[in-house]
Amino acid sequence: MSNPFFEPSTLPYQLPPFDRIEDGHYLPAFEAGFAEQLAEIEAITASPEPADFENTITALERSGQVLQRVAAAFHNRSSADSTAAIQDIETRIAPRLAEHQDNIHLNRALFERLKAVPADGLDAEPARLLAEYLRRFTAAGAELDDAAQARLRALNAELSELSTEYQQRLLRDTNASALLLDTAAELDGLPADDIAAAAAAAEAAGHPGRYLLTLILPTNQPAMALLTDRAVRRRLYELSVNRGFSDGPDNTLELAARMAALRADRAALLGFDTYAAAATDDQTAPSLGAIRERLAALTGPAVRNARAEAAELGADAGHPLEPWDWAFHSERVRRSKYDVDLAALRPYFELNRVLKDGIFFAAGQLYGLRFTERPDLTGYHPEVQVWEVFNEDGSGLGLFLGDYYTRDTKNGGAWMNSFVDQSALQGTRAVVVNNLNIPKPPPGEPTLLSFDEVVTAFHEFGHALHGLFSNVTYPTFSGTSVPRDFVEYPSQVNEMWMLWPEVVANYARHHETGEALPQEVIDRVTAASTWGEGFATTEYLGATLLDLAWHSLPPGTTVEDPSAFEQRALQEAGVDFALVPPRYRTGYFKHIFAGGYAAAYYAYIWSEVLDADTVEWFRSSGGLTRANGDTFRTELLSRGNSIDPLQAFRNFRGRDAELEPLLKRRGLA
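Residues numbered from 1 in each chain as written. Predicted model: local features only at pLDDT ≥ 70, side-chain atom pairs only at ≥ 80, totals over all residues. Heavy atoms only, no water.

Trainee: Could you give an account of empty space enclosed by the protein, naming the residues involved and the relevant values?
Mentor: Applying the stated criterion across every chain yields a total of three cavities of 30 Å³ or more. Each pocket or cavity is described by its volume, and for the largest cavity that value is around 70 Å³. The wall of the largest cavity is formed by Thr-219, Asn-220, Met-224, Tyr-237, Pro-323, Trp-326, Ala-327, Phe-535, Glu-539, Leu-579 and Pro-581. Listed by contribution, the elements that provide at least two residues to the lining of the largest cavity are α13 (326-338) and α19 (533-550). Looking at side-chain class alone, the lining of the largest cavity contains eight nonpolar, two polar and one charged residues. (1 Å grid on protein atoms, 1.4 Å probe; cavity = no way out; pocket = protein on both sides within 12 Å on 5 of 7 lines; lining within 4 Å. Points joined across faces, edges and corners; volume = space filled by probe spheres on them. Helix = DSSP H or I, 4+ residues; strand = E, 2+ residues; numbered from the N terminus. Nonpolar A, V, L, I, M, F, W, Y, C, P; charged D, E, K, R; others polar.)

And the structure:
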């Protein structure tokens, strides 16, 4: 059988033919893709014709089709179904990918031809694309001398290898750190379906008759809010915060420290004082200094709020509070102060209803979308579902894939990936996937989501809409290909519809009785929305400031004790509150050491300024209406990076974003 990556897929929207793709196809397709694109670039640089937009920039945009197809399929597979065979391929291909990018960006003949392309007379999107290519090549080292480029190549290769190793070690350690318990009594406080899921997980792991609590990626584990046994909570907490810190083969600290040092050296080669300065140079934030100022302005109020919350929790506990007590007593105080029990809402949040009657319904009301399940189309795993997405006029928009359950081969967290990017130049429409990590119930049992899991599902679908709605000419600008500190903005906006009256009334129904979630309960949940924001903001800022500390190392620095470095960084940043550890510690901070967010974890709160301001616009403009949806889609979601993202926001909002809505939302005003 021929390699399915060698030709465009004949399936709807060019969905990868997953039923034909075998593990053995990936490496040959990567190698063929590398060779094909380099040959295409050789043809560009060897052309006797003077450089112009069509024969240089457009030719570059059209190049590398085989590589694009295999890379898109493989990168999602390596995150969502990382078997031993896939990990072996990933280890082998990561440095080759880094080398290939260097072969393009450090190609002097190509860079000279790019610089020779006339900018005069170009329309706005082509002019922006030309400027973006020149910026990217310069940022990647195109202007360095031969010796510096050789050093840069070595750094890039080692960093790609270390990042891959970090991800694989973290997956192994997260699986190994799951809490195995002997009796159901130890799970007292968890709902029956969670206990059943723990029993099923233990049996699948070879421990029949016992119970397994698997870990999610952040520090705080959902079960800690419900488990009544302090000793069990403590064990779960310690397993979570100590991932990567052991002296065994899955220690990730040494990799993190090495990567931070190499990134500092790389930044110095490119003329920056620190990696953080280099990484934020092309973001929507005006400067690294501006980022630090905003974070500093939030830190003091957030920690003060967290300490005030701790006092209330300690009074509720009646004993000295420990980190593993926080979530449990926070829920008790929430119930006492606001009569809100988030765990009691789970029977109203059944996965299929959340998806079809909540997320899809909101998209239909706001944007006129219609979703049709396509069981005839195959995903990369049996648990993946495929929907075709239609515009209001019946035209096809793209495909949406959903992969919602956790498994041992799936990385922690939640994310959106793209298999096919929308591009008028290439005649393609979007194919995107959302991945979550929801514990799978035993066969025949409903999948009931926690409140936070529903938020996450709406959030990730916001990323999916950003990809699906893309309406650009060039693939470089498609969908979510925007600066890191802008990309979270549309996804955060989409969270608002979770409790919007028409939406929540349509999906939040008891999975057994069909009873709607009472409006008075929804009102109490809304009233309680600022409870716990001290904790949430402090743990987030802890991770953000830790990220910046690692990526503000001077070149040539060696961190001998990463654990001590972490503690010192938190102290110096003013977020060393022992009861509120960072949302991610160095040992399991996948976002920055294996996820593309290095020196950019600040992006969530930076984007949230735009998000909170946008939510205010929707509320003041009539809410969930087709007119509002069309405005947001046309002015912002469809633009990708084809115009300056902040200009897209101004076009949508009529002005720059204001900070006050964010401060109010987080209880800091």
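Don't stop here, the text continues.
Trainee: Before we move on, can you summarise the pattern of salt bridges with the specific residues and values?
Mentor: Counted according to the given criterion, the structure contains 50 salt bridges. Residue Arg-230 pairs with Asp-325 through a salt bridge whose shortest N-O separation is 2.7 Å. Here the residue Arg-230 occupies a position in helix α9 (residues 230-241), and Asp-325 occupies one in the loop between α12 (288-317) and α13, the gap between them amounting to 95 residues. Note on Arg-230: relative accessible area 33%, which makes it partly exposed. Arg-626 is the partner of Asp-630 in a salt bridge, and the nearest nitrogen-oxygen pair spans 2.9 Å. You can see Asp-630 and its partner Arg-626 sitting in helix α23 (residues 626-637), four residues apart, about one turn around the helix. Connected through shared salt-bridge partners, Glu-165, Arg-169, Arg-172, Asp-250 and Glu-254 make up one network. (Salt bridge = Lys/Arg side-chain N within 4 Å of Asp/Glu carboxyl O. Buried < 20%, exposed > 50% of the residue type's maximum accessible area, 1.4 Å probe, protein only.)

Trainee: Requested: an account of the nonpolar core, with residues and values cited.
Mentor: It is characteristic of soluble globular proteins that their nonpolar side chains tend to be buried jointly. Formed by 143 residues in total, the largest nonpolar core has its most connected members in Leu-213, Phe-349, Trp-497 and Tyr-507. If you tally residues by element for this core, the top one is helix α22 (residues 603-620), at 10 residues. In this view, Leu-213 contacts Ala-178, Leu-179, Leu-181, Leu-187, Leu-190, Ala-198, Ala-223, Leu-227 and Leu-236; residues no more than four positions away in its chain are not counted. Phe-5, Leu-15, Ile-93 and Leu-377 belong to the second largest nonpolar core, which has 31 residues in total. (Core = buried A, V, L, I, M, F, W, Y, C linked by side-chain atoms within 4.5 Å. Contact = heavy atoms within 4.5 Å.)

Trainee: I'd like a description of the packing of aromatic side chains, backed by residues and values.
Mentor: The geometry of an aromatic ring pair is captured by the separation of the ring centres together with the interplanar angle, meaning the angle of the planes. Under the definition given, this model contains 43 aromatic pairs. Taking the centre distance of 5.7 Å and the plane angle of 55° together, the rings of Tyr-237 and Trp-324 count as tilted. Of the two residues, Tyr-237 is situated in helix α9 and Trp-324 in the loop between α12 and α13; the sequence distance between them amounts to 87 residues. Take Tyr-237 and Trp-324: they sit in the same class, and that class is buried. Look at Tyr-584 and Tyr-601: their rings are 5.8 Å apart centre to centre, the planes differ by 85°, and that puts the pair in the edge-to-face class. With Tyr-584 in the loop between α20 (562-573) and α21 (590-594) and Tyr-601 in the loop between α21 and α22, this residue pair connects regions lying 17 residues apart in the sequence. (Phe/Tyr/Trp six-rings, centres within 6.5 Å; stacked < 30°, edge-to-face > 60°.)

Trainee: Could you give me a rundown of helix α2 (residues 53-62), with the residues and numbers involved?
Mentor: What α2 keeps buried is the set Phe-53, Thr-56, Ile-57, Thr-58, Leu-60 and Glu-61. End-on, the buried residues of α2 take up no more than an arc of 165°, which puts them together on one face. Tucked into the core, α2 has its buried residues touching α1 (23-46), α3 (65-80), α5 (108-116) and α6 (124-139). For α2, the capping residue at the N-terminal end is Asp-52, with a side-chain oxygen 3.2 Å from the backbone nitrogen of Glu-54. (Arc of directions from axis to C-beta. Polar contact = N/O pair within 3.5 Å; in protein donor to acceptor, adjacent residues only side chain to side chain.)

Trainee: Got a sec to walk through the environment of Glu-165? Specific residues and values, please.
Mentor: Along the chain, Glu-165 falls in helix α7 (residues 146-176). The class for Glu-165 is partly exposed, based on a relative accessible area of 24%. In this structure the C-alpha to C-alpha distance between Glu-165 and Ala-94, which are 71 residues apart in sequence, comes to 10.0 Å. Leaving out residues up to four positions away in the same chain, Glu-165 has contacts with Arg-172 and Leu-255.

Trainee: Quick one: what's the story with the pairing of strand β4 (residues 385-390), residue by residue and with numbers?
Mentor: Of all six residues in β4, five are buried; the element is thus mostly enclosed. Inspection of the sheet shows strand β3 (residues 370-373) paired to β4 by four bridges, in the antiparallel sense. Within the sheet, the bridge partner assigned to Glu-373 lies in β4 and is Trp-387. Where β4 hands over to strand β5 (residues 396-405), the hairpin turn is made up of five residues, of which Gly-394 adopts a positive phi near 95°. (Pairing = 2+ DSSP bridges.)

Trainee: Go over unusual backbone geometry with me, naming the residues and quoting the values.
Mentor: In the Ramachandran plot, Asp-339 falls in the positive-phi region, its phi being about 55° despite a non-glycine side chain. Mapped onto the fold, Asp-339 is located in the loop between α13 and α14 (351-367).

Trainee: So what about the sheet that holds β3? Which residues, and what values?
Mentor: An order of β3-β4-β5-β7-β6 is seen for the five strands of this open sheet, with the pairing classed as mixed. Looking at strand neighbours, the two that pair on one side only are β3 and β6 (415-420), the edges of this open sheet. Between one strand axis and the next, the sheet turns by 25° as a mean value, whatever way the strands run. Relative to β5, β4 runs antiparallel, the two being bridged by six bridges. Looking at β5, one finds that Phe-390 is bridged to Gly-396. Together, β3, β4, β5, β6 and β7 (430-438) form the strand contacts of helix α15 (residues 451-468), whose direction differs from that of β7 by roughly 165°. (Axes fitted to C-alpha atoms, helices over the stretch in contact; angles between N-to-C directions.)

Scope: geometric values only; no functional claims are made or implied.
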